[in-house]
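Next come the chains, spelled out residue by residue.
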Amino acid sequence: MLVPVSTRQRLLVVSNRLPLTAKRVSGRWRGERSSGGLVAAMAPLMDQTDGLWLGWPGDALPGEPSGRERLMREWERKHGYVAVEIPPKISRSFYEGYANDTLWPLLHGFPTLVVFAPESWHAYRDANQRFADAVISRARKGDLVWAHDYQLMLVPQLIRERLPDARIGFFLHIPFPSSEVFRILPEREDVLLGLLGADSIAFQTHGHLHNFRRSLLQVLGLESSMDEVQIDGRRVHLAALPIGIQSDEWDTLITSDARVARRKAELNERHRGRKLIISVDRLDYTKGIPERLRTFHRLLQSSPSWRGKVTLVQIAVPSRERVPAYAELRRKVSELVGEVNGDFGTPEWQPVVYLRRSVNKDELAALYSAADVAWVGPLRDGMNLVAKEYVACQRGGDGVLVLSEFAGAAQELGEALRINPYDEVGTAATIVRALEMDVASRAERMVALHERVHRNDAVAWAERFMSGLREATAPARATLHRDRPTADPLKLRSAYLKAERRLLLLDYDGTLVPIAQRPQDATPPPGLLDLLRDLVSLPQTTTLLVSGRSRRDIERWFGDIRDLGLAVEHGALLREPGADSWQTLRGGMDLSWQDRVRPLLQQFSASAPGSLVEDKEYALAWHYRLVDAEFGTWLANELVTTLENLLSGTELTVIHGNKVVEVRHAWANKGEVAAHLVAGFRRRSFVLAMGDDRTDEDMFARLPRTAWTIRVGTGSTSARYRVAGFEGANGLLRMLTTSLDDPA
Ligand code: ADQ
């Protein structure tokens, strides 16, 4: 569940660069704004939390140190930007060396480009220590720290060493490679342990998270679950959170900026009668620019009808030019552009327009909205914001996004045409398909893409991260345990026998029977029905099933065991033991919300084959157990966010359970029904509750401390005891039914 954004805690962001870079212009120091998704994504949070941003302000130059110091003081006072100064020699070896010559190629899965230089590792450690020291010197109790990206992978642990109670989150913007690649790094243990100093670590995709978990196992021998790993008695939350863009800003540019509209019209005029393909990248070997140019050459070679009819605009902003691999790339790209234009160009037509520089946002927006196709072909990319920017600028448009399957964005943007950028023949065919696609199909795909990019924008991303971090560091979490003792059958029986009255509250799915692939397949076996009949016939013993299922299922299966109490839909409806009729715990419920929420669930269901919508009386649920695990989880997170926005301020709540997202009234939870039932069982009573998932935790939380609360299976719990699985749970209950005959 998402925790609402709170303004109480201060946020300290730490990233390699500050949002401003100090430049010396005409003998004076000035701050130059570095644009970029990160600054935009963090801006609203920084305002809300009155936070600080710590980062490197750019190299100091000889001369005028006092002017620079003054500027840094002004930044801190005005914007909360704290400069982390790094001596130039260290900064070079840290940034161009270990960060960009070692970690960048390694984490992108280019092991042959990795440079191993022990001195640059020392510089990396040294620089990370300086960033950590800056945080430590500013941190106050209760602050949240958010560290970013591959340049600062040691920072979480370095902070934790000095401030054991710090609350630290880390986001990796670039991929995490397979463990086979990662483990070639000589400093692999240090880097993993550095990250594990955080309370919460998030990646762009589930694939990267999965790779990270494999490395934890292979390198450190640490077992982890989908969302958690434990180290030194601490729990580290793990998540996949794809970053978004500031789609509103792009929207404003293309809908209400006259300059952009004019520029777009000019571009349309200039390229009239020709299709326009746009590619925008940092000049980086991970972005697949040479591969794209070779593919374009091949396309023009094999499809002569497209000659003179299509132009590729390649914009590439120079980057990391002091790193040798980048200088070589720059040369190669210029050469390939020359080859395409030399082989196919005419006096009227230049096949590739190559701009090797940064272009401003207006120009970019005009190009994105004028282009018929965006060709986004990285060989490997954490996310790729360009793909999302193109989509944002195609509002109401019918452009086609062609996207590499190796970009994180491909996980999310399913309506794009996918390419393997290494496959030049296949990619050329896909580009031709994009150029020739009919307008209805183009528009249909773009509408769906646009909606998704808009929904998961930068602000939603940052809020989700903060929510996860708050949850991971919430004090209540300390009361959850992974190491509960196994329920001792003999002690349980003895407590049961001693009591004057007994109450048994039993969850069904996962507790009395295993979780079934399809909900309708969880029919109770005859042995279980016998067991329940035996339980309800025990003297002074009240037994209830407390289930999230619908009345239909539970009544069909258990309705004729008269003395068995039934609470369904998490307690929205109750049939007391021995009663004929059902009652609601609270009357007069308005159910009109279901008509608003159902279409949304159906829409999600349509995009994920195998998922289904369940109509309950007081709740609606979307089940995705049969959907591909990674895609299903991603979609479920999207659905939860959308629903939470839709339902904020209502009495409804969204629950993300075990492969199910459910909307129901907030009061309809197992805790409420448990509190209602236990009211009559105070002193000298035996109360037992068993359950296997998050919804049963509500029940455990509302029972007296003396109750026998038992978590079935693994997972953090507030229950007092644990039992291995449904067989164990059945065993304990069976033992109660024999205990009166055989009080050994
Ligand atoms: P980058 O590798 O920088 O980011 P990307 O996500 O594509 O890659 O972002 C590039 C940004 O720079 C875009 O906003 C784009 O508009 C802008 N840009 C590129 N070329 C430009 C040009 N010539 N002129 C002007 N602007 C230009 C890293 C990871 C990515 C991840 C992001 C965010 O490598 O995988 O998506 O961080 O987490």
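Anything mentioned here points back to the structure above.
This section reports on the structure supplied with the text.

Procedures and definitions
Residues numbered from 1 in each chain as written. Predicted model: local features only at pLDDT ≥ 70, side-chain atom pairs only at ≥ 80, totals over all residues. Heavy atoms only, no water. Near = heavy atom within 4 Å. Polar contact = N/O pair within 3.5 Å; in protein donor to acceptor, adjacent residues only side chain to side chain. Areas by Shrake-Rupley, 256 points an atom, 1.4 Å probe, with all protein chains shown as cover. Helix = DSSP H or I, 4+ residues; strand = E, 2+ residues; numbered from the N terminus. Nonpolar A, V, L, I, M, F, W, Y, C, P; charged D, E, K, R; others polar. Pairing = 2+ DSSP bridges. 1 Å grid on protein atoms, 1.4 Å probe; cavity = no way out; pocket = protein on both sides within 12 Å on 5 of 7 lines; lining within 4 Å. Points joined across faces, edges and corners; volume = space filled by probe spheres on them. Buried < 20%, exposed > 50% of the residue type's maximum accessible area, 1.4 Å probe, protein only. Patch = residues over 30% accessible without salt bridge, like charges linked within 9 Å, V, L, I, M, F, W, Y side chains within 5 Å. Salt bridge = Lys/Arg side-chain N within 4 Å of Asp/Glu carboxyl O. Lys, Arg positive; Asp, Glu negative; His and termini not counted. Charge placed at Lys NZ, Arg CZ, Asp CG, Glu CD. Contact = heavy atoms within 4.5 Å. Axes fitted to C-alpha atoms, helices over the stretch in contact; angles between N-to-C directions. Parallel < 35°, antiparallel > 145°, perpendicular 65-115°, else oblique. Left-handed = near helix turned anticlockwise from the far one by under 90°. Expected span 1.5 Å × (residues − 1).

## Digging into the site of the ligand
Around the ligand lies a shell of 23 residues, among which H173, D381, M383, L385 and E389 are the nearest. Here an oxygen atom of the ligand sits 2.5 Å away from a polar atom, N or O, in the side chain of E389. Within the complex, the protein chains bury 84% of what would otherwise be the 720 Å² of accessible surface of the ligand. For the shell around the ligand, the secondary-structure elements that each account for two or more residues are β12 (275-282), β13 (310-317), α13 (361-370) and α14 (385-392). For the shell around the ligand, the residue count by class is twelve nonpolar, five polar and six charged.

## Focus: the pairing of strand β10 (residues 228-231)
Both strand β9 (residues 224-225) and β10 contribute to a ladder of two bridges, which runs antiparallel. Its bridge partner lying in β10, S225 is registered against E228. Hairpin connection, β9 to β10: the antiparallel pair is bridged by two residues. Linking β10 to strand β11 (residues 234-240), which pair antiparallel, is a turn of two residues; within it D232 sits at a positive phi near 50 degrees.

## Quick notes on empty space enclosed by the protein
The full count for this structure, using the stated rule, is four cavities of 30 Å³ or more. There is about 520 Å³ of room inside the largest cavity. As for the largest cavity, its lining consists of 32 residues, and the residues nearest its centre are D509, I515, H623, N658 and V660. Of all the elements in the fold, those that place two or more residues in the lining of the largest cavity are β23 (612-615), β25 (652-657), β26 (660-665) and α24 (694-701). Considering every element that reaches the lining of the largest cavity, the biggest residue donor is β25, with three residues. Split by residue class, the lining of the largest cavity holds eight nonpolar, ten polar and 14 charged. By volume, the second largest cavity amounts to about 50 Å³. Forming the boundary of the second largest cavity are G399, V400, L401, E415, A416, L417, M437, R442, R445, M446 and L449. Mapped onto the lining of the second largest cavity, the elements with two or more residues apiece are β16 (400-404) and α16 (439-455). Classifying every residue of the lining of the second largest cavity gives seven nonpolar, one polar and three charged.

## Quick word on the pairing of strand β2 (residues 20-25)
For a regular strand, side-chain orientation follows a simple rule: the groups alternate between the two sheet faces. Note that β2 and strand β3 (residues 28-33) share six bridges and pair antiparallel. In the strand pairing of β3, K23 is matched with R30. From the end of β2 to the start of β3, which pair antiparallel, there are two residues, and S26 there has a positive phi angle of about 45 degrees.

## As for unusual backbone geometry
For S26, which is not a glycine, the phi torsion comes out positive at approximately 45 degrees. Within the secondary structure, S26 is located in the loop between β2 and β3. Despite not being glycine, D149 has its phi angle at roughly 75 degrees, a positive value. According to the relative accessible area criterion, D149 is buried, its value standing at 12%.

## A short note on a positive patch on the surface
Together, R28, R30, R70, R73 and R77 give the surface a local cluster of positive charge. Here the element with the most residues in the positive patch is helix α2 (residues 65-79); it accounts for three residues. Turning to its location among the elements, R28 is positioned in strand β3.

## Side note on α13
Counting buried residues along α13, nine of its ten residues qualify, which places the element largely inside the surrounding structure. For α13, the set of buried residues is D362, E363, L364, A365, A366, L367, Y368, S369 and A370. Packing partners of the buried residues in α13 comprise α9 (247-256), α10 (258-270), β12, β13 and α14.

## Some details on the sheet that holds β16
Spatially, six strands are ordered β14-β13-β12-β15-β16-β17 in an open sheet, and the strand pairing comes out parallel. Of all the strands in the sheet, just β14 (352-355) and β17 (417-419) have a single pairing partner and so form its edges. Taking each pair of neighbouring strands and ignoring which way they run, the sheet shows an average axis angle of 20 degrees. Contacting β12 and β13, α13 crosses the sheet at an angle of about 135 degrees to β12. The strands touched by helix α15 (residues 424-436) within the sheet are β12, β13, β15 (373-376), β16 and β17, with β17 carrying the most contacts at an inclination of about 165 degrees.

## As for the packing of α10 against α13
Running from N to C, α10 and α13 point in directions that differ by 50 degrees, and their axes come no closer than 8 Å. With respect to α13, the axis of α10 lies oblique. Helix-helix and strand crossings are classified by hand; for α10 and α13 the assignment is right-handed. Where α10 abuts α13, its residues R259, V260, R263, K264, L267 and N268 lie against D362, E363, A365, A366, L367, S369 and A370.

## Observations regarding the sheet that holds strand β5 (residues 81-83)
A sheet is described by the order of its strands in space; here nine strands give the open sequence β5-β4-β1-β6-β7-β8-β11-β10-β9, paired in mixed fashion. On the outer flanks of this sheet lie β5 and β9, each paired with one strand and no other. Most of the contacts of helix α4 (residues 118-138) go to strand β4 (residues 52-56), to which it runs at about 155 degrees, and overall it touches β1 (11-17), β4, β5 and β6 (144-148).

## Some thoughts on helix α21 (residues 593-607)
Under the 1.5 Å per step criterion, the end-to-end length of α21 is 22 Å for 15 residues, consistent within 8% with the ideal 21 Å. Among the residues making up α21, those that are buried are W593, Q594, V597, R598, L600, L601, F604 and S605. Buried-residue contacts for α21 involve α16, β23, β24 (619-623), α22 (629-647), β25 and β26.

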